[in-house]
There are 2 protein chains.
Amino acid sequence: MNKQLAMILVGGILGMGVLTAANAAGQKPEEVVEYRKSVYTIIGWNFKPIGAMVKGEVPFDAAAVARHAQYVEMMSKAAPEGFSKGSGPDVVKDTEAKPEIWTKWSEFQTKMTNFQQEATKLAEVAKSGKEADIKAQFGKTAETCKACHKEFRKD
Amino acid sequence: MNKQLAMILVGGILGMGVLTAANAAGQKPEEVVEYRKSVYTIIGWNFKPIGAMVKGEVPFDAAAVARHAQYVEMMSKAAPEGFSKGSGPDVVKDTEAKPEIWTKWSEFQTKMTNFQQEATKLAEVAKSGKEADIKAQFGKTAETCKACHKEFRKD
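Owing to the predicted nature of the structure, the values given are computational and were not obtained by experimental measurement.

*Asks:* Let's hear about the layout of surface pockets: which residues, and what values?
*Replies:* Residue and element names in this part refer to chain B. By volume, the second largest pocket is sized at about 1,400 Å³. Lining the second largest pocket we find 44 residues, and of these Y40, T41, G44, W45 and K48 sit closest to its centre. In terms of residues, the lining of the second largest pocket owes the most to one element, helix α2 (residues 29-54), which gives 12 residues.

Given below as structure tokens:
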């Protein structure tokens, strides 16, 4: 077997593997990306108003913080489904996800877990309604967002 | 005041009202639409696999149903925020939301409440793990989706 043919075969097999993984639950890569973007849109929609409150830009509203934080937590747990293999920029162009997500998978997983843990704590602290604690935990959660975006999201 | 000037003034005032309403929480109309689409993307992402299971297309998985149903319920409660005034097709072109949502607001609200109630029941029934009950409640929930889409969503 010549080298070129071997490359084609390996590429084909990898390509099938990639497609199979993305379609394991019946979703097309484009649908996975749409889902992924939707998850982060809802995270942002709920995280930003907490930020505006802890920064004093809008009046503090404990009930609103608790509600928003619950959505951030729920969505942090929904996020991993949006990163199935074969949904990277090599397959779907319109994405800010970097290929490093899949080439440095365990590092990405660690950062995802950090985010989930801090988001869960934020939801817990939010139930207490204690503004100072919420402010501190908001900061910690935001750090986990930044840490992941810095390495794994295109600017 | 001539009629043309009056029309311009009224149009301007209405226009401002529309923008103010959409920006009440600091979001631009485009952001509201993006949020709205995201909510329904996540509803679909979670509702479809339940459908595939109740139709017998994929093996029934009680834990997966419970998880998906919880997301459908949470998102049904998150949906109303995505329909703030001034986020209709007169302001944002790329939307399937019909203007009737805002001109028949109370009817829309009723259909939204129906969906939320059936989605909540689905999440409750899903916890029981009883396949027949889940199947029946999935059907009832799907009906509320269709009822609203038929009248308030473009084909």
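Structure shown, so let's carry the discussion forward.
*Asks:* Go over the packing of aromatic side chains with me, naming the residues and quoting the values.
*Replies:* Taken as a whole, this structure holds 14 aromatic pairs over all chains when the rule is applied. Ring centres 6.4 Å apart and planes at 45° place the aromatic pair F83 of chain A and W102 of chain A in the tilted group. With F83 of chain A in the loop between α3 (62-78) and α4 (100-103) and W102 of chain A in helix α4, the pair connects residues that are 19 residues apart, well separated along the chain. For the pair shown, F83 of chain A and W102 of chain A are each scored as buried. An angle of 75° between the planes, with centres 6.1 Å apart, marks the rings of Y40 of chain B and F83 of chain B as edge-to-face. Taken together, the positions of Y40 of chain B in helix α2 and F83 of chain B in the loop between α3 (62-78) and α4 (100-103) put the pair 43 residues apart, joining distant regions of the chain. We classify Y40 of chain B as partly exposed; its relative accessible area is 28%.

*Asks:* Just give me the short version of the relation of the copies chain A and chain B, but keep the residues and values in it.
*Replies:* Rotating chain A by 180° and translating it 0.0 Å along the rotation axis places it on chain B, where the RMSD comes to 0.0 Å. Expressed as an axis order, the relation between the two copies is that of a two-fold axis. Within chain A, S38 of chain A has its C-alpha nearest the rotation axis, a separation of 2.1 Å.

*Asks:* Explain the interface of chain A and chain B to me, using residue names and the numbers behind them.
*Replies:* Listed by partner, the interface residues are 19 residues for chain A and 19 residues for chain B. The three residues of chain A that bury the most area against chain B are W45, Y71 and M74 of chain A, which together make up 37% of that side's buried surface. Inspection of the region where chain A meets chain B yields two salt bridges. Here chain A and chain B share 12 residue pairs in polar contact (both at pLDDT 80 or more) between them. Secondary-structure elements contributing two or more residues to the side of chain A that touches chain B are α2 (29-54) and α3 of chain A. Top contributing element to the side of chain A that touches chain B by residue count: α2 of chain A, with nine residues. Of the residues in the side of chain A that touches chain B, the class split is nine nonpolar, five polar and five charged.

*Asks:* Could you give me a rundown of the packing of α2 of chain A against α3 of chain A, with the residues and numbers involved?
*Replies:* Packed helix pairs are characterised by how far apart their axes lie and by the angle those axes make with each other. All names here are of chain A. Following both chains from N to C, one finds α2 and α3 inclined at 150°, their axes separated by 9 Å at the closest point. As the angle between them shows, α2 and α3 are arranged roughly antiparallel. Where α2 crosses over α3, the two elements pack in a sense that is left-handed. Facing α2, whose interface residues are Y35, V39, I42, I43, N46, F47, P49, I50 and M53, α3 presents A64, V65, H68, A69, Y71, V72, M75, S76 and A78.

*Asks:* Report on the nonpolar core, specifying residues and quantitative values.
*Replies:* Formed by 70 residues in total, the largest nonpolar core has its most connected members in V39, I50 and M75 of chain A together with V39, I50 and M75 of chain B. Not counting the four nearest positions on each side in its chain, I50 of chain B is found in contact with V65, H68, A69, L122, I134 and F138 of chain B.

*Asks:* If you had to explain the environment of I43 of chain A to someone new, which residues and values would you point to?
*Replies:* Residues and elements named next belong to chain A. Take I43: it is sitting in helix α2. Considering only alpha carbons, one finds I43 and A79, 36 residues apart in sequence, at a separation of 9.6 Å. Those residues in contact with I43 that sit more than four places away from it in its chain are V72, M75, S76 and F115.

*Asks:* Give me the lowdown on the environment of N46 of chain B, citing residues and values where you can.
*Replies:* Residues and elements named next belong to chain B. With respect to the secondary-structure elements, N46 resides in helix α2. Given the relative accessible area of 1%, N46 is considered buried. Residues N46 and R153, spaced 107 residues apart in sequence, show a C-alpha to C-alpha distance of 20 Å.

*Asks:* Provide a residue-level description of α3 of chain B, including the pertinent values.
*Replies:* All names here are of chain B. End to end, α3 covers 24 Å across 17 residues, agreeing with the expected 24 Å (1.5 Å per residue, within 8%). By the burial criterion, the buried members of α3 are V65, H68, A69, Y71, V72, E73, M74, M75, S76 and A78. Measuring from the backbone nitrogen of A63 back to the side-chain oxygen at the start of α3 gives 3.2 Å, which picks out D61 as the cap.

*Asks:* An account of the pattern of salt bridges is needed here, citing residue identities and associated values.
*Replies:* Tallied over the entire structure, the rule returns 12 salt bridges over all chains. One salt bridge in this structure joins E143 of chain A and K146 of chain A, with 3.6 Å as the shortest N-O distance. Remark: K146 of chain A and E143 of chain A occur in helix α6 (residues 131-152); sequence separation between them is three residues, near one turn of the helix. Of the charged contacts, one joins E151 of chain B and K104 of chain B as a salt bridge, the two residues approaching to 3.7 Å between their closest N and O atoms. Residue E151 of chain B is located in helix α6 (residues 131-152), and its partner K104 of chain B is located in the loop between α4 and α5 (105-128); the two are separated by 47 residues in the primary sequence. Judged by its relative accessible area of 24%, E151 of chain B is partly exposed.

Calculation criteria
Residues numbered from 1 in each chain as written. Chains lettered and ligands numbered in written order. Predicted model: local features only at pLDDT ≥ 70, side-chain atom pairs only at ≥ 80, totals over all residues. Heavy atoms only, no water. 1 Å grid on protein atoms, 1.4 Å probe; cavity = no way out; pocket = protein on both sides within 12 Å on 5 of 7 lines; lining within 4 Å. Points joined across faces, edges and corners; volume = space filled by probe spheres on them. Helix = DSSP H or I, 4+ residues; strand = E, 2+ residues; numbered from the N terminus. Phe/Tyr/Trp six-rings, centres within 6.5 Å; stacked < 30°, edge-to-face > 60°. Buried < 20%, exposed > 50% of the residue type's maximum accessible area, 1.4 Å probe, protein only. Least-squares fit on C-alpha atoms with pLDDT ≥ 70 in both. Contact = heavy atoms within 4.5 Å. Buried area = accessible area lost by both parts, 1.4 Å probe. Salt bridge = Lys/Arg side-chain N within 4 Å of Asp/Glu carboxyl O. Polar contact = N/O pair within 3.5 Å; in protein donor to acceptor, adjacent residues only side chain to side chain. Nonpolar A, V, L, I, M, F, W, Y, C, P; charged D, E, K, R; others polar. Axes fitted to C-alpha atoms, helices over the stretch in contact; angles between N-to-C directions. Parallel < 35°, antiparallel > 145°, perpendicular 65-115°, else oblique. Left-handed = near helix turned anticlockwise from the far one by under 90°. Core = buried A, V, L, I, M, F, W, Y, C linked by side-chain atoms within 4.5 Å. Expected span 1.5 Å × (residues − 1).

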